[in-house]
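Coordinate inspection notes
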Amino acid sequence: MLLCAKKKRSVPLAEQRYDFLTPAARSELMSKIGGRNTRPEIVVRSLLHKIGFRFRLHVKGMAGKPDIVLPRYKTVIFVHGCFWHGHSCAKGVTLPKTRKEFWTEKIARTKERDKENIESLHNLGWRVIVVWECELKNPLELAQRMEREILA
Ligand SMILES: [Zn+2]
């Protein structure tokens, strides 16, 4: 049984989460993640959809052009590649062997811009969730985190 955000919850969230994705849905999702042509953003969209959230994509005129916008929850989601956006995980901290300085500066600028975008969205009353590419390795945990933060 899939959760539906619109449904009134009679069972505590923690218990519902237990069967939040059916084994079939989960393995389908896992296989998608392993697929070569699957962009992280599409996986995140699919996860959100499965747990019952409806959203809009790439809303123009918003700072940073968030990948996913949930107007009903006044929440936006950025799906960030660990390398490009300088995540603190292994993939984010490993620089290419050549042109280290170039990459260091480029990534630092991206991080600065991300920070500014998040700040201006916060100032307009939006909640901002950043999903890192490496989190897709554990879709169940990621889905739970998104659900928790969207409904917070
Ligand atoms: Zn990462």
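Overview of the structure. Along each chain, the written sequence defines residue order, and numbers are assigned to residues from 1. Only residues with pLDDT of at least 70 are given local features in this predicted model, and only at 80 or more are side-chain atom pairs given and counted; all residues enter the totals for whole chains, interfaces and linings.

What to know about the overall build of the chain
To be explicit about the condition: Strands here are runs of E lasting at least two residues and helices are runs of H or I lasting at least four, both read from the DSSP assignment and numbered beginning at the N terminus. Residues with at least 20 neighbouring C-beta atoms inside 10 Å of their own are called buried, those with 12 or fewer are called exposed, and the rest are partly exposed, where every C-beta is derived from the backbone. In this description, a residue-residue contact is defined by the distance between C-beta atoms placed from the backbone, which must lie within 7 Å.
When helices and strands are counted, the chain shows six helices and four strands. When the helices and strands of the chain are listed from N to C terminus, the series reads α-α-α-β-β-β-α-α-β-α. By residue count, 21% of the 152 residues in the chain fall in the buried class. Expressed as a percentage of contacts within the chain between residues at least 6 apart in sequence, the contacts between residues at least 24 apart total 59%.

Some details on the pairing of strand 3 (residues 75–80)
The test is simple: Think of it this way: DSSP has to see at least two bridges between two strands before they count as a pair.
Where burial is concerned, most of strand 3 is hidden: six out of the six residues are buried. Neither face of strand 3 is open: one carries Thr75, Ile77 and Val79, the other Val76, Phe78 and His80, and all of them are buried. Two elements, strand 2 (residues 68–70) and strand 3, share three bridges in a ladder whose sense is antiparallel. Counterpart to leucine 70 in the pairing with strand 3 is threonine 75.

Description of the sheet that holds strand 2
As a reminder of what qualifies: What counts as an axis is a line fitted to C-alpha atoms, over the stretch in contact for a helix, and the angles between N-to-C directions run from 0 to 180 degrees.
Spatial ordering of the open sheet is given by 1-2-3-4, a layout of four strands whose pairing is mixed. What marks the edges here is a single partner per strand, and that holds for strand 1 (56–57) and strand 4 (127–132). The pairing of strand 3 with strand 4 spans six bridges and is classified as parallel. Looking at strand 4, one finds that threonine 75 is bridged to arginine 127. Against the sheet, helix 3 (residues 40–50) engages strand 2, strand 3 and strand 4, with an angle of about 140 degrees to strand 3.

Thoughts on the nonpolar core
Note that soluble globular proteins tend to have their nonpolar side chains buried in a common cluster. Going by this rule: Residues enter a nonpolar core if they are buried, belong to Ala, Val, Leu, Ile, Met, Phe, Trp, Tyr or Cys, and are joined to the set through C-beta atoms within 7 Å.
Of all hydrophobic cores here, the largest spans 18 residues; its most connected members are Val44, Leu48, Ile68, Ile77 and Val131. Beyond its immediate stretch of four places on either side in the chain, valine 44 contacts Ile68, Ile77, Val79 and Val131.

Quick look at the environment of isoleucine 150
The residue isoleucine 150 is located in helix 6 (residues 139–151) in this model. Residue isoleucine 150 is classed as buried on the basis of its C-beta count, with 20 C-beta atoms lying within 10 Å. Each residue touching isoleucine 150, except ones within four places of it in the same chain, is listed here: Phe53, Leu70, Tyr73 and Thr75.

Here we look at helix 5 (residues 100–123)
For clarity, the threshold we go by: To estimate the expected span of a helix, subtract one from its residue number and multiply by 1.5 Å.
Under the 1.5 Å per step criterion, the end-to-end length of helix 5 is 35 Å for 24 residues, consistent within 8% with the ideal 34 Å. Remark: glycine 125 follows helix 5 within two positions and exhibits a positive phi of approximately 90 degrees.

Brief notes about the environment of glutamate 41
Note on placement: glutamate 41 falls in helix 3. Looking at glutamate 41, the number of C-beta atoms within 10 Å reads 19, which means it is partly exposed. Placed 36 residues apart in sequence, glutamate 41 and isoleucine 77 show a C-alpha to C-alpha distance of 9.7 Å. Leave out the neighbours within four places in its chain, and glutamate 41 touches Asp67 and Val79.

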